[in-house]
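# Summary of structural features
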Amino acid sequence: MTVAISSVPEGEPDTAETTELASAAESCQPLAEGRDQDSVEWVACARLPTRFGEFNIVGFLDRTNGREHTVMVKGAVAGREDCPVRVHSECHTGDVWTSLRCDCREQLEKSLQYVQGREFGAVIYLRQEGRGIGLFNKLKAYNLQDLGLDTVEANTSLGFPSDAREYRAAADILRLLQIRSVALLTNNPDKIEGLRREGITVTRRIPMTVPDNAHNRRYLKTKRERLGHYQD
Ligand SMILES: [Zn+2]
């Protein structure tokens with residue numbers, strides 16, 4: 001068996017690489033002083049190479065409920081106007097288990113790709129599962145949908161509003177990142193309104209088009225017809 005011998009000793013990155021890593025690490029400092037009234041606080045940041053390119057990942061602790069939100073940041077976002085931003089609500093079944101019942105994972109990947117292709121931008125991952133009703137309630141709602149209810153009827157029959165998502169954490173995260181106004185990647189008019197209600201300037205909407213499939217066709221139709229989502 002032949003063993004390839006590398007010219008650079010293993011485990012010793014060259015100087016250029018070390019300098020690059022150090023400057024990436026320095027770009028991980030908090031951008032703004034936290035205030036007592038903020039619902040979230042900046043806790044940690046690190047460089048994160050991904051299949052879609054390199055980002056800084058920033059961890060924010062939600063002081064109202066202990067949830068750990070993360071943001072994938074591309075480039076220098078502080079002080080930016082019209083900054084491309086996706087506010088993505090956690091979908092365990094879609095984002096982790098690749099569910100075809102919804103289009104969450106495709107939207108998440110598309111946003112990372114979009115932001116990576118720009119000079120700067122951010123994808124916020126909010127830990128509010130199942131449009132805010134929680135993971136296990138979402139599983140119950142899925143089962144009700146298989147018994148014939150649509151996504152809105154299933155949520156209301158479990159005693160929840162059709163959409164229980166909140167955007168205060170996202171708004172505070174945007175403020176702590178010092179993003180002055182956002183171009184929002186979304187098909188959901190309520191999300192734009194939700195952020196505006198929290199004091200965020202949304203300059204425009206960047207449409208998210210993802211193809212449907214046999215499993216999510218009805219769900220996407222309901223989102224358009226009953227929740228007023230745009231159909232781009
Ligand atoms: Zn989903």
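In case you missed it, the structure is sitting above this.
Every chain's residues receive numbers from 1 upward, in the order its sequence appears when written. With the structure being a predicted model, the display of local features is reserved for residues of pLDDT at least 70 and the display and counting of side-chain atom pairs for 80 or more, all residues being used for whole-chain, interface and lining totals.

Here a residue counts as buried when 20 or more other C-beta atoms sit within 10 Å of its C-beta, as exposed when there are 12 or fewer, and as partly exposed otherwise, the C-beta atoms being derived from the backbone. By definition, any uninterrupted DSSP run of H or I lasting at least four residues is a helix, any uninterrupted run of E lasting at least two residues is a strand, and each is numbered from the N terminus. Among the seven residues in strand β4 (residues 83-89), seven count as buried, and that is most of the element. Alternating positions in β4 separate into two faces, Cys83, Val85, Val87 and Ser89 on one and Pro84, Arg86 and His88 on the other, with burial throughout. Paired strands are those between which DSSP finds at least two bridges. Across five bridges, β4 lies against strand β5 (residues 121-126) in parallel orientation. Looking at β5, one finds that serine 89 is bridged to leucine 126.

What follows deals with the nonpolar core. In these notes, a nonpolar core means any group of buried Ala, Val, Leu, Ile, Met, Phe, Trp, Tyr and Cys residues linked to one another through C-beta atoms within 7 Å. Formed by 36 residues in total, the largest nonpolar core has its most connected members in Val71, Val85, Ala122, Ile124, Ala170, Ile173 and Leu177. Elements that contribute at least two residues to this core include exactly β1 (40-50), β2 (53-62), β3 (68-74), β4, α3 (104-116), β5, α6 (168-176) and β6 (182-185). Two residues qualify as being in contact provided that their C-beta atoms, derived from the backbone, are within 7 Å of each other. When near neighbours in sequence (up to four residues on either side) are disregarded, alanine 122 contacts Val71, Met72, Val73, Val77, Cys83, Val85, Val115, Leu177 and Ile179.

Further remarks concern the sheet that holds β6. A sheet is described by the order of its strands in space; here seven strands give the open sequence β1-β2-β3-β5-β4-β6-β7, paired in mixed fashion. Pairing within the sheet leaves two strands with one partner each, and these edge strands are β1 and β7 (202-206). For this sheet, the mean angle separating the axes of adjacent strands, direction not counted, is 25°. Pairing of β1 with β2 involves 10 bridges; the strand directions are antiparallel. What sits directly across from alanine 46, in β2, is isoleucine 57. Against the sheet, α3 engages β1, β2, β3, β4, β5 and β6, with an angle of about 160° to β4. Only C-alpha atoms enter the line fits that serve as axes; for helices the fit covers just the stretch in contact. Angles between N-to-C directions range over 0 to 180 degrees.

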